[in-house]
Amino acid sequence: DKFRLDDEVVLVTGAASGIGKAISEACADAGARLALADKDVEGVETVAEEVDAETLAIPADVSDHDQVVAMVEETVEEFGGLDVTFANAGIGRLGATVDDYDIDQWHQVMDVNLDGVFYTIREAAAVMEEGGRIVTTASVLSQIASDFPGVAAYVASKGGVAQLTKQAAADLGPQGIRVNAIAPGWVHTGIGGGAFRKDSGMDHLHEQMEEETIMGRLGEPEDLKGVALFLASEASAYCTGSVLTVDGGWTTT
Ligand code: NAD
């Protein structure tokens, strides 16, 4: 079964919640050993206890390079290597339009979503052997802008993640490390201050997104499990530099 990850060491950032938690569950079910990192310490410890796998919970803020170095070191110390890394941690902040976008907020978003992914790819690749795989979490907003106001930093950061993923694929290809991205559409998670949670009270927003989505619903974190296992495993042996959209058809129409 080319989708299995038996005994492989998988590191997931942003593992405490949403898509990262679903990825962690999927990798556990596929037989992996898991290093689960998040800045939400309690949250990541809970996920580490809940999933059915050998786990290590690592408190880490991916926007801090030193903490990313330590995160990778701890993983290798505990498990003796690193086979797969999901650079998934990210934040969404709704701000003003670009002409009035808050400077501090711009840096907060870029520091986590773009710098954090760069640090994670850099340090993971440095310890990976031939056959290593890195998977980033981009977004449908990597490719298109949004009429949703206040997402300038998010859109710019995710465009950067998609391009960084492709460049990392090119740079690391000769070492036999594959790098791909998942580009989710709208998914019910904790991102954006909870605006995408089912019970956020922002029903009109969710209804509009449902109407714009061919499949007529928002995504659930579980909807990303299949693509995550595909990109983490031998099943995707001929994919590198790919950005795979999983959006229920939202960008199609
Ligand atoms: P989420 O808020 O449920 O989960 C994100 C996790 O990342 C949280 O556990 C949070 O504590 C952690 N995190 C945030 N900043 C961190 C940091 N500096 N260091 C370490 N961990 C940090 O949201 P999610 O939707 O599951 O987000 C996961 C990824 O999916 C993000 O990169 C996000 O941009 C991307 N994404 C989400 C959607 C969506 O609609 N939910 C769509 C496209 C892309």
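Preceding this paragraph is the structure being described.
In this text the structure is predicted, and so the values were computed from the model without any measurement.

Trainee: Any chance you could explain the overall build of the protein chain here in plain terms?
Mentor: When you go through the protein chain residue by residue, the secondary structure sums to seven helices and seven strands. Element order for the protein chain, N to C, with α for helix and β for strand: β-α-β-α-β-α-β-α-β-α-β-α-α-β. By the compact-globule yardstick of 18 Å for 253 residues, the protein chain fits well, its C-alpha radius of gyration being 17 Å. Considered along the principal axes of its C-alpha atoms, the protein chain spans approximately 50 × 35 × 35 Å. Looking at the 253 residues of the protein chain, the share that counts as buried comes to 51%. Counting contacts in the protein chain only where the partners sit at least 6 residues apart, residues at least 24 apart contribute 68% of the total. For the protein chain, the accessible surface area stands at approximately 11400 Å², while carbon and sulfur atoms represent 48% of it. For the protein chain, the separation between the mean place of its 15 positive charges and that of its 44 negative charges on side chains is 5 Å.

Trainee: Sorry if this is basic, but what is going on with the environment of Pro-184 here?
Mentor: Secondary-structure assignment places Pro-184 in strand S6 (residues 178-184). A relative accessible area of 5% means that Pro-184 is categorised as buried. Through-space distance from the C-alpha of Pro-184 to that of Gly-219 is 8.3 Å; in sequence the pair is 35 residues apart.

Trainee: What is the right way to look at the nonpolar core in this model?
Mentor: Side chains of a nonpolar character, in soluble globular proteins, are inclined to be buried together. Ranked by internal contacts, the top residues of the largest apolar core, which has 38 residues, are Met-71, Ile-134 and Leu-172. Looking at this core element by element, the count peaks at seven residues for helix H4 (residues 103-127). One finds Leu-5, Cys-27, Val-135 and Val-227 within the second-largest nonpolar core, a separate group that totals 29 residues.

Trainee: Looking at this structure, I do not really get the side chain of Asn-88. What am I missing?
Mentor: Here Asn-88 is to be found in the loop between strand S4 (84-87) and H4. Those residues in contact with Asn-88 that sit more than four places away from it in its chain are Thr-13, Gly-14, Ile-19, Gly-20, Ile-23 and Thr-137.

Trainee: Could you clarify how one ought to interpret helix H2 (residues 41-50) in this entry?
Mentor: In an α-helix, one turn spans 3.6 residues; hence positions three or four apart end up facing the same way. Those residues of H2 that fall on the buried side of the exposure criterion are Gly-43, Val-44, Val-47 and Ala-48. Along the axis of H2, the buried residues cluster in a sector spanning 135°; they form a single face. With respect to the buried face of H2, the exposed residues turned more than 90 degrees away are Glu-42, Glu-49 and Glu-50. Capping of H2 at its N-terminal end is provided by Asp-40; its side-chain oxygen lies 2.9 Å from the backbone amide nitrogen of Gly-43.

Conventions we followed
- What you see as residue numbers is a count from 1 along each chain, following the sequence as written.
- Only residues with pLDDT of at least 70 get local features here, since the model is predicted, and only at 80 or more are side-chain atom pairs given and counted; chain-wide, interface and lining totals rely on the full set of residues.
- To get the side-chain values, take all heavy atoms of the structure and skip hydrogens and water.
- A run of DSSP states H or I qualifies as a helix once it reaches four residues; a run of E qualifies as a strand once it reaches two. Both are numbered from the N-terminal end.
- Each radius of gyration is computed over the set of C-alpha atoms, and the globule rule expresses the reference value as 2.2 Å times the number of residues to the power 0.38.
- Think of it in three bands: with a 1.4 Å probe and only protein chains considered, a residue is buried below 20% of the maximum accessible area for its type, exposed above 50%, and partly exposed in between.
- Two residues qualify as a contact provided that any one of their heavy atoms is within 4.5 Å of a heavy atom in the partner residue.
- Per-residue and other accessible areas were derived by the Shrake-Rupley procedure at a 1.4 Å probe size, with only the shown protein chains allowed to occlude residues.
- The charge count includes Lys and Arg as positive and Asp and Glu as negative, but it does not include His or the ends of the chains.
- We put the charge of a Lys on NZ, of an Arg on CZ, of an Asp on CG and of a Glu on CD.
- Buried residues of nine kinds, namely Ala, Val, Leu, Ile, Met, Phe, Trp, Tyr and Cys, make up a nonpolar core once their side-chain atoms join them within 4.5 Å.
- Along the arc lie the directions from the helix axis toward the C-beta atoms.
- Polar contact is the term for a pair of N or O atoms within 3.5 Å; when the atoms are in protein, one must be able to donate a hydrogen and the other to accept it, and sequence-neighboring residues count only if both atoms are side-chain atoms.

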